[in-house]
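Each chain, written out:
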Amino acid sequence: FVFVSFSMSVYDFTYWTLENTHPGNMIAAMHGHPNPIKKWMDVNASAFLSYPAFDVPNAPNHPISRWDNHSPKFSKLGRYGDTIKFVDLPNEIRLDEVAEHFGVSTELGGTGVIVCGSPFESGNDPSLGKVFDAVTGRDTSWDMWRQREYTWMQVGLTAPDQLRQRVAWAFAQLLVVARGAIGVQSSHSEVFLGYYDILTRNAFGNYRDMLREISYSPMMAENLSFLQSKSAAYMWETQGKISFADENFSREIMQLFSTGLTKLNLDGTPMLDDEGKTMLAYTNDEIMSFARIWTGFDYQQGRGNVEESSWSGNRHDPMKIQPAWRDKFPKTDMTGGYIGDGYPLCVDLPDKMFLSKGATYRLLGASHMPELMEDDSSFKNDLTLRKFVLNSTSALKSKLCNATIDDNCQYENSVTLDDTINCTATECDADTLRVVQVNDGIHYEFVRPPCVEQVFYANAKKVIYKERWADSSCANPLLPYASEACCEGQQDTSAERSTDYLYDQERVLYSTAGLRCEAMGMGSCDFNLIEGIDSYKKGYHWTTDSCNIQVKVNDIGQVALVYKPESYEILHPHVRNDNRNFFKVYWDGDYPKNNDDVTIGNSCGNSTCQSLVTGGCLCDTTITETRVFKEMPSSVEEVLSKLTIGAYDTAAYGEGTYAEAITANGVTAYMTISTGAFDTKTVFEVTDEIGRLHRFKNTKERVRIPGAIEYAFRNAPSFMSVLNTEADARDAYYETEAALDHYFHHDNTAPFIAFRLIQRFTTSNPKPRYVKAVATAFRTGSYDGIGSTEYGDLAATIAAVLLHPEARSVNLDADPFKGNLREPLLRMMALMRGMELQQADQWPVVKMNDLDNKIGQMAHSFPTVFSFMLPEYAPGGRPGDATLVGPETMIMDMPKVVGLLNGMFSLVKYGLSRCHGGFGTEWSRCNEGDFSSATAHLSFSRPFDGATTTVEDHAEDVVSELSTLLTSGRLGAENKQLIKEAYIAKLNDTAAVDPAGSALRFAQQLMLTSPEYHTTNIVHKTGSLREQPEPPQASGTPYKAIVYVMFGGGCDSFNMLVPHTCTGEKDMYNDEYFEIRQEIALEKDSLKVLNGTISNQVCETFGVHPRLESVQQLFNDGDLLFFANTGVLTKETDKENYWRDTETQLFAHNFMQMAAQRIDPLKAEDGTGILGRIRDVLTKQGMSVGAFSLDVNSISLIGEPGVTESPMILSNSGVARFNEVPSSADMDDAIASLNGETEAESGVFAEWYSDVLLKSLSHNQLLYETLAEKTTEVLFPTSHLGRQLGMVAKMIDSRNERGTDADVFFLSTGGWDTHSALLANQENLFANVDASFKAFADEMNAKNVWDNVTLIETSDFARTLTQNGGLGSDHAWGGNYIMMGGSVKGGQIVGTYPDAIKDGSPLNIGRGRLIPTTSWEAVFLPLAEWVGVGVDEKTLNYICPNRHNFPESHFSGMSRGDLFEPA
């Protein structure tokens, strides 16, 4: 144990005894020495560790930041000198050795009444034998991380509840956990399977439950980086850091899990504004607001009985909320209101809420420590603790006891009062309760119902925390938030608590505090200290001083709360006038503006507010409350649109409070008996269209600026109290639930989820009526009698997806635009289930290897949160011509076509093995029809008996059955006849050992290549074969190549290019860069300085990231340049107008990646990409141009239909040969016939499949033969980027064999979405980039083509210059990018590096999101000219259709001559 001296608290430091945790241990290990930090303390050594500690002899410095960073790893046991029960120790140190030392038993026992098991876990079944391994830290199995895939496959093949499994798989692709985002992804199985169980368990339940479970899942929190995200206020108060809440989950839960980006009608069509433009469902303001809700989430304490050998956190159990980390301020929602609208005000709850209808109590058992509120830990073992013990006659005690007929208590886990009950004894004196003792050893915690506080309120009073020099704040006197402080006179500086207080940590109203002081013959007072009680029993205490609540207004109208008590020593930083905790409010009109902040100010409201030198206006406030309705509202809609302040159930108030209800127009009104009129206390009840009951108070509140009545905004509600001791976990959970309700009930959610589910099950492009039917089933909870009739019911939703006429009608199947390309994994599963996969006796689990790479899809192997494919992905060909989307087409490229077919052919011929591209994990004999050494095989067989049937009839029966099982009967007559003839030919082969088996296998393989198997379309063939393209011929034009590298995820490029030496008016590094970047800034001395003087930028010298040494050298050698502050633009814009000037949906990965690849924001050449259009032009000029994407499809390569061939997709690992050992010499001809030309009425996805298939097989043969002999002179890194660039180098080397004049390549490398641990992640990312770029440049030089190649690097966007709580950064806009090549005029920075980047600067739209000043058009136009496109207006307009939206000055310094050497 180590004791920390500043707090005298005792912690368990076992974590630092482990390998690779403490630097001292790591240094010792490097020198072969044992850990200097030992598990057990030396007897004579000190157990005290001081923070901060500096200049200690023979010891390193220990700044307080070191404690802040590491302390979450250490379990706090208590205060020095406390007595701790052995049973209360954390699991990690509840050890036999500890028990023996202190002479206690390790046996657990006592009077506990509840034991919680592990939720939803399955017990081990020893009778099944050893099938799976668990991580132990000493693992020997090589395929530990594949076990989760084996489990999924086995369940998918054998589970009796196939529809449930299918629904779970669909949701797994919507609510994605990306493998690479999880720290234990390389070994663990259980945490991944546990997350997947959420989807399986709720498949036919309610989407609200599913959404809640995934939101509390530590896997999702790690996946989207909100785990341990902390509020800006907490980081500033505790660590002095300027940081912001992580925005990752806040963005994706809306974009991907609930509402989507654009407002939708119920039928899924986008809502349009008056100008015909798509309306956004939310903006970045809402993302930042919701991000503050997703603060405070942390791992639960580790436990046993799970696979978890690491100390990196409990990924199994739903997370808990650390209330201290939670943001305390109001959060706006997506509909112009606040999270908290519709909830009652806490000040309006019934008197003695703890006895009122709806009051809830949760069982604590023997513990008297609350779990949803926080008491000082010293109370845990305090023998002097004053508890609130229920009187024997108490009606509350009777309710909680729940006695049987024998008078034995039957304690329930949770008890909610059905009616208000009368108080007894001391209950009558309490304003509120925390924990009550029912009987010895039995305690319940009172859980106040959800309610909100208005952030601004009248008559605030100052409260002092323990002593004057500790902390002062303001509190609402109408809420029980502090204790009494009684003095004999107002000049008395020492105060006392009433000796009659009811329980320790009791809170009372301000009025109650005064009465208690009067009862002592004293009075409330302003004081210095409280005497007579221990410090840990003190909290906030009321004073007689008043508080002024002020508002600080920034340049965009957001406000921060400022408290100004009459007098104080210390004020909490989050309510001081220098706090940065701004939140959005809804002004009635204009707002006070500091003239120094904006172009047109108003002198802070004509000087009614104080102009702050740091920016903003500081204003006093007043509160006005007015009634809304003076008579009965005309409709439910009028109530919902005009009222926002909720009300509690009127039945919970005492008799004589509310009169009998009156109902009209669907509205029920409750007026107070005292007035009998519609006033501010009237309560309205309404039920909305989806069945939710709402209660509203007939009032609205405005916060006004005294002396300037024109400045007013709606008062903002908040679940979290600004007072630290009252900011409880209870209210954080309430706030979280309210946010989940908001996502869930948003008008978009039903059509959004409906559309996504339809895409996963039936068709990629559902008709609006189909979407509407499914969305309606989601909203009503019913479809054709199926469902619970509750909003969000998934049984009803799935029923509508599968039973709607568009899903079932045979006539509608003939629609050529209906249907989809089937997912590759589902094609695999259909083969194995339909052809009756049978496992070998010694192989109880079906094991397949590397499916994610071979076919592009596998459970638990999602590459990103966007799944394997984008729902809006539009392919080329007939689907693209019809403006259809085809998500699955995104992962059908040449390597995956070959990988899927090779694997399925191998399974048919050899069983499950590694033979010739097989999916198995084991080798077998690779003899067709011999399954003896396979781990599984397809057992479907149809022997031929010539005595009972003819060859013709037998073939007809077999092929028809295969058609039913593999294509659902879709196989067309032409293709059926082709397969039948092939079957008969094999059946008649007298040389075959098993003709029927050979014939079946051949027929299966052919059917597995048919468009009817791979798509859900009906095929109508012309009877002609498809034309095969002629081999390309070079024109003799000197070769050029563009290599486009996308840093997928959003590169934080302001740490790639950093200002270094600035001799002008401003030191950009210290005054701007370091000040805004704080802990995610690079140290100036670490930068690799670029040579030469940069005369056109704000600084003379810049540096690059320390791991970019080769990039530095390429720049210094004149082969590399940087584009500064570049990004997607529709036109030049500014802070006031960017949101209306920009067509692209900003800050979203998929849309901004596509924008950087299309460079056509107005969609003038819709469906094409920048490289595709360049290729089109070059082709029209008579050049032969190749187009290649590595590993993924890319819109950047798509050109105008009919001008060029479709781009090829290559694998970074090379080209695998298709069907190396065919079952028939003419098999390629048979495949070509099966996929011949189709009629116009044929299904478009089937047509697309056949076209891509035959082109892929043609490309495969060409490239396999071309690349077989190609090698590189340079050894490329083995990273993904390194392998991609190595393949590009081989392709460039094969240009003559391929007959090309030019090539365009697209590459993408991931990992750049650095929402956490930015600096550590960039070390690896930039090191990989540097090594890969160097290898590529060296190889191009070695092959004498460096002058002919230009590599350009882009990313989705840059990232926020400010850090978030995870020491990462979030999505932003303008960034810095690289272009390099032998012809590049390097050694320069083009564009304009901003001369001001801090908050308030002209380009900073918030959190260091910079508006770009250089467009992608300005970057790619000179590149297009370099590669050879003509410079006439028509050509340039086609290359960049948006170029005329920019003035000529925008392209200054960006011409071909500026960026490239002369030809």
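Residues numbered from 1 in each chain as written. Predicted model: local features only at pLDDT ≥ 70, side-chain atom pairs only at ≥ 80, totals over all residues. Heavy atoms only, no water.

Novice: Which residues make up the state of the cysteines, and what values go with them?
Specialist: The final tally for this structure, using the stated rule, is 10 disulfides. Residue pairing for Cys609: its cysteine sulfur links by disulfide to Cys619, the two sulfurs lying 2.1 Å apart. On the sign convention where negative is left-handed, the bridge of Cys609 and Cys619, at about 110° about the S-S bond, is right-handed. Taken as a pair, Cys609 in the loop between α14 (603-606) and β22 (610-611) and Cys619 in strand β23 (residues 617-620) lie far apart in primary sequence, 10 residues in all. Here Cys1051 is not cross-linked by a disulfide; its sulfur's nearest cysteine counterpart is in Cys1099, at 20 Å. Judged by its relative accessible area of 0%, Cys1051 falls in the buried class. (Disulfide = S-S within 2.5 Å. Helix = DSSP H or I, 4+ residues; strand = E, 2+ residues; numbered from the N terminus. Buried < 20%, exposed > 50% of the residue type's maximum accessible area, 1.4 Å probe, protein only.)

Novice: An account of the packing of aromatic side chains is requested, with residue identities and associated values reported.
Specialist: Note on aromatic pairs: each is described by the distance of the centres and the angle between the planes. Per the counting criterion, the structure on display carries 51 aromatic pairs. Relative to Tyr791, the ring of Phe778 lies with its centre 5.4 Å away and its plane at 80°, an arrangement referred to as edge-to-face. Taken together, the positions of Phe778 in helix α18 (residues 768-780) and Tyr791 in the loop between α18 and α19 (794-803) put the pair 13 residues apart, joining distant regions of the chain. In this pair, the class of Phe778 matches that of Tyr791, namely buried. Ring geometry for Tyr1377 and Trp1416: centres 5.1 Å apart, planes at 50°, overall tilted. Taken as a pair, Tyr1377 in strand β44 (residues 1375-1381) and Trp1416 in helix α40 (residues 1416-1427) lie far apart in primary sequence, 39 residues in all. Each residue in the set Tyr216, Phe226, Phe249, Phe257, Trp294, Phe297 and Tyr733 is aromatic and connected to the rest through ring pairs, giving one cluster. Between Arg166 and the ring centre of Phe761, over which it is positioned, the NZ or CZ distance is 4.5 Å. (Phe/Tyr/Trp six-rings, centres within 6.5 Å; stacked < 30°, edge-to-face > 60°. Lys NZ or Arg CZ within 6 Å of the ring centre and 35° of its normal.)

Novice: Before we move on, can you summarise the sheet that holds strand β27 (residues 683-687) with the specific residues and values?
Specialist: In space, the four strands of this open sheet follow the order β25-β26-β27-β28, with antiparallel pairing throughout. In this open sheet, the two edge strands, each paired with only one partner strand, are β25 (662-664) and β28 (693-697). Ignoring strand direction, the axes of neighbouring strands in this sheet form an average angle of 25°. When β25 meets strand β26 (residues 667-670), the two strands line up antiparallel, connected through three bridges. In the sheet register, Ala664 faces β26, and the bridge partner there is Val667. (Pairing = 2+ DSSP bridges. Axes fitted to C-alpha atoms, helices over the stretch in contact; angles between N-to-C directions.)

Novice: Let's hear about the confidence of the model for the chain: which residues, and what values?
Specialist: Averaged over every residue, the pLDDT of the chain is 91; residues scoring 70 or more account for 93%. Note on residues 1-6: pLDDT under 50 across the span, and 30 contacts to partners over four residues away in sequence or across chains. (pLDDT = per-residue confidence, 0-100. Contact = heavy atoms within 4.5 Å.)

Novice: Give me the lowdown on the pairing of β44, citing residues and values where you can.
Specialist: Counted residue by residue, β44 has seven buried out of seven residues, so it is predominantly covered. Here β44 shows two buried faces, one formed by Gly1375, Tyr1377, Met1379 and Gly1381 and the other by Asn1376, Ile1378 and Met1380. Across five bridges, strand β38 (residues 1120-1127) lies against β44 in antiparallel orientation. Note on β44: the bridge partner recorded for Leu1120 is Met1380.

Novice: Break down the pairing of strand β37 (residues 1101-1104) for me, citing the residues and quoting the values.
Specialist: Taking every second residue as pointing to the same face, both faces of β37 are buried, with Thr1101 and Gly1103 on one and Phe1102 and Val1104 on the other. Both strand β35 (residues 1057-1061) and β37 contribute to a ladder of four bridges, which runs antiparallel. Residue pairing across strands places Val1058 opposite Gly1103, the latter belonging to β37. The pairing of strand β36 (residues 1088-1089) with β37 spans two bridges and is antiparallel. Within β37, the residue paired with Lys1088 across the bridge is Val1104.

Novice: An account of α19 is needed here, citing residue identities and associated values.
Specialist: Of all 10 residues that make up α19, seven are buried, and the element is covered over most of its length. Considered for burial, the residues of α19 that qualify are Leu794, Ala796, Thr797, Ile798, Ala799, Ala800 and Val801. For α19, the elements touching its buried residues are α5 (162-172), α7 (207-215), α17 (749-761), α18 and α20 (805-808). With a side-chain oxygen positioned 3.0 Å from the backbone nitrogen of Ala795, the residue opening α19 is Asp793. (Polar contact = N/O pair within 3.5 Å; in protein donor to acceptor, adjacent residues only side chain to side chain.)

Novice: How would you explain the side chain of Asp1052 if you had to name every residue and give the values?
Specialist: Note that Asp1052 resides in the loop between β34 (1040-1047) and β35. The buried category is assigned to Asp1052, whose relative accessible area is 1%. Within the local environment of Asp1052, its side chain forms a polar contact with the side chain of Ser1369, the two groups lying 2.6 Å apart. Discounting residues that sit within four places of it in the chain, Asp1052 has contacts with Arg1077, Leu1318, Gln1322, Arg1359, Thr1360 and Ser1369.

Novice: How would you sum up the sheet that holds strand β11 (residues 435-439)? Please name residues and give values.
Specialist: Either a parallel or an antiparallel arrangement is found when strands of a sheet pair, and the pairing is made through backbone hydrogen bonds. Spatially, the five strands line up as an open sheet ordered β9-β11-β12-β8-β10, and their pairing is mixed. Sheet topology places β9 (388-389) and β10 (414-416) at the edges, where each strand pairs with a single neighbour.

Novice: Explain the environment of Gln437 to me, and be specific about the residues and the numbers.
Specialist: Mapped onto the fold, Gln437 is located in strand β11. C-alpha of Gln437 to C-alpha of Val389: the two residues are 48 residues apart in sequence and 4.7 Å apart in space. Once residues lying within four places of it in the same chain are set aside, the contact partners of Gln437 are Lys387, Phe388, Val389, Leu390, Ile442 and His443. One polar contact links Gln437 to Asp440, side chain to side chain, over a distance of 3.5 Å.

Novice: Can you break down the pattern of salt bridges residue by residue, with the values?
Specialist: Under the counting rule described, the total for this entry stands at 79 salt bridges. Here Asp327 and Lys331 are joined by a salt bridge, their closest N and O atoms 3.5 Å apart. You'll find Asp327 and Lys331 in the same group, each marked buried. We note a salt bridge from Glu888 to Arg760, for which the minimum N-O separation is 3.0 Å. Placement of the pair is Glu888 in the loop between α24 (877-881) and α25 (894-910) and Arg760 in helix α17, with a sequence separation of 128 residues. Note on Arg760: relative accessible area 7%, which makes it buried. Through salt bridges with shared partners, one network takes in Arg146, Glu149, Arg179, Asp850 and Asp852. (Salt bridge = Lys/Arg side-chain N within 4 Å of Asp/Glu carboxyl O.)

Novice: Tell me about the nonpolar core, and name the residues and values.
Specialist: Residues Met153, Tyr207, Phe257, Phe1122 and Phe1336 are the most contacted members of the largest nonpolar core, which totals 282 residues. When neighbours within four sequence positions are excluded, Phe1336 is seen to be in contact with Val1043, Phe1276, Leu1285, Val1288, Ala1289, Ile1292, Trp1346, Val1349, Leu1351 and Met1380. In this structure, Leu390, Leu400, Val463 and Ala647 belong to the second largest nonpolar core, which totals 42 residues. (Core = buried A, V, L, I, M, F, W, Y, C linked by side-chain atoms within 4.5 Å.)

Novice: Tell me what's going on with the packing of α18 against α19, and back it up with residues and numbers.
Specialist: Contact pair α18 / α19: the axes reach a minimum separation of 7 Å and the direction vectors enclose 165°. Between α18 and α19, the interaxial angle falls into the category roughly antiparallel. Here α18 and α19 pass one another in a crossing that is right-handed. Facing α18, whose interface residues are Tyr770, Ala773, Val774, Ala777 and Phe778, α19 presents Leu794, Ala796, Thr797, Ala800 and Val801. A breakdown of the residues in the contact of α18 with α19 according to their chemical character gives nine nonpolar, one polar and no charged. (Parallel < 35°, antiparallel > 145°, perpendicular 65-115°, else oblique. Left-handed = near helix turned anticlockwise from the far one by under 90°. Nonpolar A, V, L, I, M, F, W, Y, C, P; charged D, E, K, R; others polar.)

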